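The residues making up each chain are set out below.
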Amino acid sequence: MVTNLLDVSSLESGSVKLNMELYFIEELIGSALMRVESKLSRHKVHTDIEHGLPLLRIDGLLIEQVLINLLENAAEYTPSGTTVTISALVDKPDIHIIVSDNGPGIPSGKEERIFDKFYNTETDNDKGGGLGLAICRGIIHAHGGKIWAQNRPEGGAMFTFTLPIKNSENE
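Residues numbered from 1 in each chain as written. Predicted model: local features only at pLDDT ≥ 70, side-chain atom pairs only at ≥ 80, totals over all residues. Heavy atoms only, no water.

## Focus on the overall build of the chain
For step 1, the next point in the chain: When you go through the chain residue by residue, the secondary structure sums to four helices and seven strands.
For step 2, the next point in the chain: Secondary structure elements of the chain, listed N to C terminal, follow the sequence α-β-α-β-β-α-β-β-α-β-β.
For step 3, the next point in the chain: Buried positions account for 43% of the 171 residues belonging to the chain.
For step 4, the next point in the chain: For the chain, restricting intrachain contacts to residue pairs at least 6 apart in sequence, the fraction spanning at least 24 positions comes to 73%.
For step 5, the next point in the chain: Accessible area of the chain: about 9,000 Å², with a carbon and sulfur share of 50%. (Helix = DSSP H or I, 4+ residues; strand = E, 2+ residues; numbered from the N terminus. Buried < 20%, exposed > 50% of the residue type's maximum accessible area, 1.4 Å probe, protein only. Contact = heavy atoms within 4.5 Å. Areas by Shrake-Rupley, 256 points an atom, 1.4 Å probe, with all protein chains shown as cover.)

Written out as structure tokens, the structure reads:
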């Protein structure tokens, strides 16, 4: 938890130096899925990645960490047997990456608050320290993107983050 708190503080202060290199987002998605495979073992996993996504100039380790945090949350907060979907598509001027599930969703009115440091929707606070989503937000903002959460109309939660295409190989 101390490491996570230091990470959040560094991201918020802008003192994190990004190691910007060219990456295919689909490779980072694949790597993140492999790293959380055991945590997702009781879920159905579906990927929907648009063909021909451009290379992005990003810090691959940090973006992979965002993906891991979101996938771990989906595995942890949704019942066994539910589906976790990860999608990536171009919606200019950004690439949108979406992690969604068909679990219970986010408590109404908490869609923005869940990104606050130490906030946890669990009243018994046994699901974590409430820093994972704050770290995700800091990483995405450091890349010039946005991240948000919402409930899906058909049930479940959907976390979307954007990465600017302007940081791509055409820079």
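## Here's the deal with the environment of Thr85
For step 1, the next point in the chain: Along the chain, Thr85 falls in strand β4 (residues 83-91).
For step 2, the next point in the chain: For Thr85, a relative accessible area of 15% corresponds to the buried category.
For step 3, the next point in the chain: On a C-alpha basis, the gap between Thr85 and Asn102 in space is 9.0 Å, while along the polypeptide they are 17 residues apart.

## Focus on the packing of aromatic side chains
For step 1, the next point in the chain: Going through the model one piece at a time under the given rule, you end up with one aromatic pair.
For step 2, the next point in the chain: Plain terms: the ring middles of Phe115 and Phe159 are 6.2 Å apart, the flat faces sit at 70° to each other, and that makes the pair edge-to-face. One end of the pair, Phe115, is in the loop between β5 (94-101) and α4 (132-142); the other, Phe159, is in strand β7 (residues 157-164), and 44 residues separate them in sequence.
For step 3, the next point in the chain: The buried category is assigned to Phe115, whose relative accessible area is 0%. (Phe/Tyr/Trp six-rings, centres within 6.5 Å; stacked < 30°, edge-to-face > 60°.)

## Focus on the nonpolar core
For step 1, the next point in the chain: Counting 40 residues, the largest nonpolar core has Ile25, Ile63, Leu67, Ile97, Phe159, Phe161 and Leu163 as the members making the most contacts within it.
For step 2, the next point in the chain: When contributions to this core are tallied by element, the ones reaching two or more residues are α2 (25-35), β3 (56-58), α3 (60-77), β4, β5, α4, β6 (147-151) and β7.
For step 3, the next point in the chain: Counting residues per element, this core draws most heavily on α3, which supplies eight residues. (Core = buried A, V, L, I, M, F, W, Y, C linked by side-chain atoms within 4.5 Å.)

## Describing the pattern of salt bridges
For step 1, the next point in the chain: Applying the stated rule across the entire model yields four salt bridges.
For step 2, the next point in the chain: In this structure, Arg35 engages Glu64 in a salt bridge whose closest nitrogen and oxygen atoms are separated by 3.2 Å. Taken together, the residues span a long stretch of sequence, with Arg35 in helix α2 and Glu64 in helix α3 at a distance of 29 residues.
For step 3, the next point in the chain: Note on Arg35: relative accessible area 54%, which makes it exposed.
For step 4, the next point in the chain: Looking at Glu64, the relative accessible area reads 8%, which means it is buried.
For step 5, the next point in the chain: Between Arg137 and Glu112 there is a salt bridge, with the nearest N and O atoms lying 3.9 Å from each other. Here Arg137 is found in helix α4, whereas its partner Glu112 is found in the loop between β5 and α4, with 25 residues between them in sequence. (Salt bridge = Lys/Arg side-chain N within 4 Å of Asp/Glu carboxyl O.)

## Focus on unusual backbone geometry
Across the chain, the bulk of peptide bonds are trans and the bulk of non-glycine residues have phi less than zero.
For step 1, the next point in the chain: The step from Lys92 to Pro93 runs through a cis peptide bond, and the omega angle for that step is 15°.
For step 2, the next point in the chain: With respect to the helices, strands and loops of the structure, Pro93 is situated in the loop between β4 and β5.

## What to know about α2
Given 3.6 residues per helical turn, the α-helix brings residues three or four places apart onto the same face.
For step 1, the next point in the chain: Every buried residue belonging to α2 is among Ile25, Leu28, Ile29, Ala32 and Leu33, and all of these are buried. Along the axis of α2, the buried residues cluster in a sector spanning 135°; they form a single face. For α2, exposure combined with an orientation more than 90 degrees from the buried face picks out Glu27 and Met34. (Arc of directions from axis to C-beta.)

## Focus on the confidence of the model for the chain
For step 1, the next point in the chain: For the chain, the average pLDDT comes to 85, and 80% of its residues sit at 70 or higher.
For step 2, the next point in the chain: Predicted confidence is poor over residues 1-6, with pLDDT under 50, and the contacts of this stretch with residues over four places away or in other chains come to seven contacts. (pLDDT = per-residue confidence, 0-100.)

## Notes on the sheet that holds strand β2 (residues 44-49)
For step 1, the next point in the chain: Strand order across the open sheet formed by five strands is β2-β4-β5-β7-β6, with mixed pairing between neighbours. Looking at strand neighbours, the two that pair on one side only are β2 and β6, the edges of this open sheet. Shown here is a sheet whose adjacent strand axes are inclined to one another by a mean of 15°, direction ignored.
For step 2, the next point in the chain: Two strands pair when backbone bridges link them, and β6 and β7 are joined in this way by five bridges, in the antiparallel orientation. The partner of Ala149 across the bridge, within β7, is Phe159. (Pairing = 2+ DSSP bridges. Axes fitted to C-alpha atoms, helices over the stretch in contact; angles between N-to-C directions.)

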